[in-house]
Amino acid sequence: MPSISVIVPVYQAKAFLQGCVDSVRSQTFADWELLLVDDGCTDGSSELCDHLAAEDDRIRVFHVRKNAGVSKARNLGLREAKSETIAFLDVDDRYEPQALETLWCLRQQTGADTVGCAHLNLVPGGGQVPELLLPAGVYEKEGIREGIVYPLLGDRLKVPVFNGFIWRYLFSAGIIRKAGITFEGAYLEDELFLMEYFCNARKLAVTEQPLYRYLLNPNSATHKYMKDLMKVYDRFMERKEDLVKRYNLEEARPQWREYTNWAGLLIAIGNEYAKGSPKNIRQRQQAVQALCARPDMARAIAQVRPEGLSPNKQMVANFVRGGHFFMLTQLYRLKNRI
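Below or above, wherever it landed, is the structure these notes cover. (Residues numbered from 1 in each chain as written. Predicted model: local features only at pLDDT ≥ 70, side-chain atom pairs only at ≥ 80, totals over all residues. Heavy atoms only, no water.)

Counting secondary structure elements, the protein contains 13 helices and 10 strands. The globule rule puts the C-alpha radius of gyration for 338 residues at 20 Å, and the 21 Å found for the protein is close to it. The C-alpha extent of the protein, read off along each of the three principal axes, is 60 × 45 × 35 Å. Looking at the protein residue by residue over its 338 residues, the buried ones come to 54%. In the protein, the share of contacts with a sequence separation of at least 24, taken over all contacts with a separation of at least 6, comes to 78%. (Helix = DSSP H or I, 4+ residues; strand = E, 2+ residues; numbered from the N terminus. Rg over C-alpha atoms; globule rule 2.2 N^0.38 Å. Buried < 20%, exposed > 50% of the residue type's maximum accessible area, 1.4 Å probe, protein only. Contact = heavy atoms within 4.5 Å.)

For the rest of this paragraph, the subject is the packing of helix H10 (residues 281–293) against helix H11 (residues 295–303). Interaxial distance between H10 and H11 falls to 5 Å at its minimum, and their mutual angle equals 75°. For the element pair H10 / H11, the angle class is roughly perpendicular. Residues Leu291, Cys292 and Ala293 of H10 pack against Pro295, Met297, Ala298 and Ile301 of H11. The residue makeup of the contact of H10 with H11, split by class, is 7 nonpolar, no polar and no charged. (Axes fitted to C-alpha atoms, helices over the stretch in contact; angles between N-to-C directions. Parallel < 35°, antiparallel > 145°, perpendicular 65-115°, else oblique. Nonpolar A, V, L, I, M, F, W, Y, C, P; charged D, E, K, R; others polar.)

This next bit is on a nonpolar patch on the surface. A contiguous nonpolar patch, built from Val123, Val129 and Leu216 and spanning about 210 Å² of accessible area, is present on the exposed surface. Along the chain, Val129 falls in strand E7 (residues 128–131). (Patch = residues over 30% accessible without salt bridge, like charges linked within 9 Å, V, L, I, M, F, W, Y side chains within 5 Å. Areas by Shrake-Rupley, 256 points an atom, 1.4 Å probe, with all protein chains shown as cover. Salt bridge = Lys/Arg side-chain N within 4 Å of Asp/Glu carboxyl O.)

Scanning all chains against the criterion turns up 17 aromatic pairs. Note on Phe165 and Trp167: the rings are 4.5 Å apart at their centroids and 15° apart in plane angle, and the pair reads as stacked. When its relative accessible area of 3% is taken as the criterion, Trp167 is described as buried. On the basis of an interplanar angle of 0° and a centroid distance of 4.1 Å, the ring pair of Phe183 and Phe193 is categorised as stacked. (Phe/Tyr/Trp six-rings, centres within 6.5 Å; stacked < 30°, edge-to-face > 60°.)

Turning next to helix H13 (residues 325–336). With 12 residues, H13 ought to run about 16 Å at 1.5 Å a step, and its terminal C-alpha atoms sit 16 Å apart, in line with that. Within H13, burial applies to Phe325, Leu328, Thr329, Tyr332 and Asn336. Projected down its long axis, H13 carries its buried residues within an arc of 100°, all on one side. Facing away from the buried surface of H13 by more than 90 degrees, the exposed residues are Phe326 and Leu334. (Expected span 1.5 Å × (residues − 1). Arc of directions from axis to C-beta.)

The structure is reproduced here in structure tokens:
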């Protein structure tokens, strides 16, 4: 049985796949298995997955006939993984050569069930910016809640926002299986997975060494117009409500709904003004006004005054609170050239 299972969902990623797999095969730690989940690819990625698996018997490929989304692909990987620890890697990203060895050794040295690392944000054009997970150290249950669970629960506005990236960790397969933790949906799925996982984790060890290279891809799902975003968001809130009740999180952040809804509203407004939207300018403005009038969003707008946002988001929040929707529309027209 290998020590680490690395799960990589693959969809229309032929241009990135070879480099992604090479970054795993180049690891200084050799006791891994790589699970490539072909999520209904039609661009030649399926054939490349099979070719790569034929070159290395540590690579296993699972073909899904019809595209089902990243959550189902990851869940398939979780079901098929043989190792005691789980890592996730996005197909357009890369590991540093010592990533798995460093994480594995840190886990062994500290007795932690989970370990995590910093990463490098790769900017198109060649720049790279490091981002810490948490300060280096070992965190027990309360420290995990303060450092990860509560920021994901309610602290979603003030910069720096704690990002719900699942690929910064080496997870315990035992914790995932015992708690029955899975992914759901195509957006914000990482946050809920992490919240539930870290409500069950006992000890986390963190290094400030950046071991993961994250490509800020302008073509990723987070930069495209989503027609059903609010349907996805409403399901996200249903699941988050369930987690809050199940793990008794309400007392720690009593206004978590309002802060989460503000964060969701800012995402939804940006989505309405995204270039891929089929709506004209007037329709977009009307859609934003309707969003702000939803009872959950209206309550957040009335009860919470966002502070500490990035300058652009702060301007958007100020326009929303003041009801200046025409000015908000003009701002996005200039920003997105629509």
